[in-house]
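# Residue-level structure breakdown
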Amino acid sequence: GESVGLHLPTLSVQEGDNSIINCAYSNSASDYFIWYKQESGKGPQFIIDIRSNMDKRQGQRVTVLLNKTVKHLSLQIAATQPGDSAVYFCAEIHSGGGADGLTFGKGTHLIIQP
Amino acid sequence: SAVISQKPSRDICQRGTSLTIQCQVDSQVTMMFWYRQQPGQSLTLIATANQGSEATYESGFVIDKFPISRPNLTFSTLTVSNMSPEDSSIYLCSVRGGRGNTEAFFGQGTRLTVV
């Protein structure tokens, strides 16, 4: 079937290396920023989130950095594994808005080379 | 967490016809969301489906084209009406844990191809 990452920017890293995926957002009023992972043929899966009043948050093997000055978000994945190969999307929520739906960024296709 | 089931998982449809996609959640939720993911693209919110009221549509999406039902707190349907090849996309149903809860759960998606 068609890959969800076919037309997206691609980042290729060696297994075991660290990877950094970047995202620019537009709404300075967003309250939360979230990273999702989407494997082929599946819906997005929550990875980690960060509140707008924070600049860094760590999870298991992942770190999210938020730079509100330049409206930039990054996801760092340490010691990448083959299972990390997927498309990664950043998303934002403005909870003061009406619908509370997510606004997704463009996405990056991460490929882990053996 | 929430488990979301979508039907059908994929379909190939003739232009001019309509397809109704079903979304079933294993728990009661206030809001359900429908997204579209065009080939090789990111997800775009179509509408928010609220139980007991009309759905709220995002800019660029209208009820005549994407009618939504929300008969109870665990089920919703999205219809893609009068389809054209440009409607070929993955359509995803989603729920969130509640206001302030950022963890959204997604169905596996319905891959629609219009020929």
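Figured I'd write up the structure that's included with this text. (Residues numbered from 1 in each chain as written. Chains lettered and ligands numbered in written order. Predicted model: local features only at pLDDT ≥ 70, side-chain atom pairs only at ≥ 80, totals over all residues. Heavy atoms only, no water.)

## A word on the pattern of salt bridges
Residues and elements named next belong to chain A. Enumeration according to the criterion identifies four salt bridges over all chains in this entry. Across the pair Asp-49 and Arg-57 runs a salt bridge, and its minimum N-O distance is 2.3 Å. Residue classification places Asp-49 among the buried positions, given a relative accessible area of 11%. Between Arg-61 and Asp-84 there is a salt bridge, and its shortest N-O distance comes to 2.9 Å. (Salt bridge = Lys/Arg side-chain N within 4 Å of Asp/Glu carboxyl O. Buried < 20%, exposed > 50% of the residue type's maximum accessible area, 1.4 Å probe, protein only.)

## Let's talk about the interface of chain A and chain B
It is common to report an interface's size as the accessible area lost on association of the parts. Taken together, the 25 residues of chain A in the interface contact 23 residues of chain B. Both sides of the chain A and chain B interface together cover about 2000 Å² of buried area, and 54% of this is carbon and sulfur. Applying the counting rule to chain A against chain B returns zero salt bridges. Between the two partners, chain A and chain B, sit four residue pairs in polar contact (both at pLDDT 80 or more). Contributions of two or more residues to the side of chain A that touches chain B are made by β3 (32-38), β4 (45-51) and β8 (86-93) of chain A. Here the side of chain A that touches chain B takes four residues from β3(A), the largest share from any one element. Per-class residue counts for the side of chain A that touches chain B are 13 nonpolar, seven polar and five charged. (Contact = heavy atoms within 4.5 Å. Buried area = accessible area lost by both parts, 1.4 Å probe. Polar contact = N/O pair within 3.5 Å; in protein donor to acceptor, adjacent residues only side chain to side chain. Helix = DSSP H or I, 4+ residues; strand = E, 2+ residues; numbered from the N terminus. Nonpolar A, V, L, I, M, F, W, Y, C, P; charged D, E, K, R; others polar.)

## Structural notes on the state of the cysteines
This model, assessed by the stated rule, comprises two disulfides over all chains. Note on cysteine connectivity: A:Cys23 is disulfide-linked to A:Cys90, with sulfurs 1.6 Å apart. You can see A:Cys23 sitting in strand β2 (residues 19-24) and its partner A:Cys90 sitting in strand β8, a full 67 residues away along the chain. You'll find A:Cys23 and A:Cys90 in the same group, each marked buried. B:Cys23 shares a disulfide with B:Cys93; S-S distance 1.9 Å. (Disulfide = S-S within 2.5 Å.)

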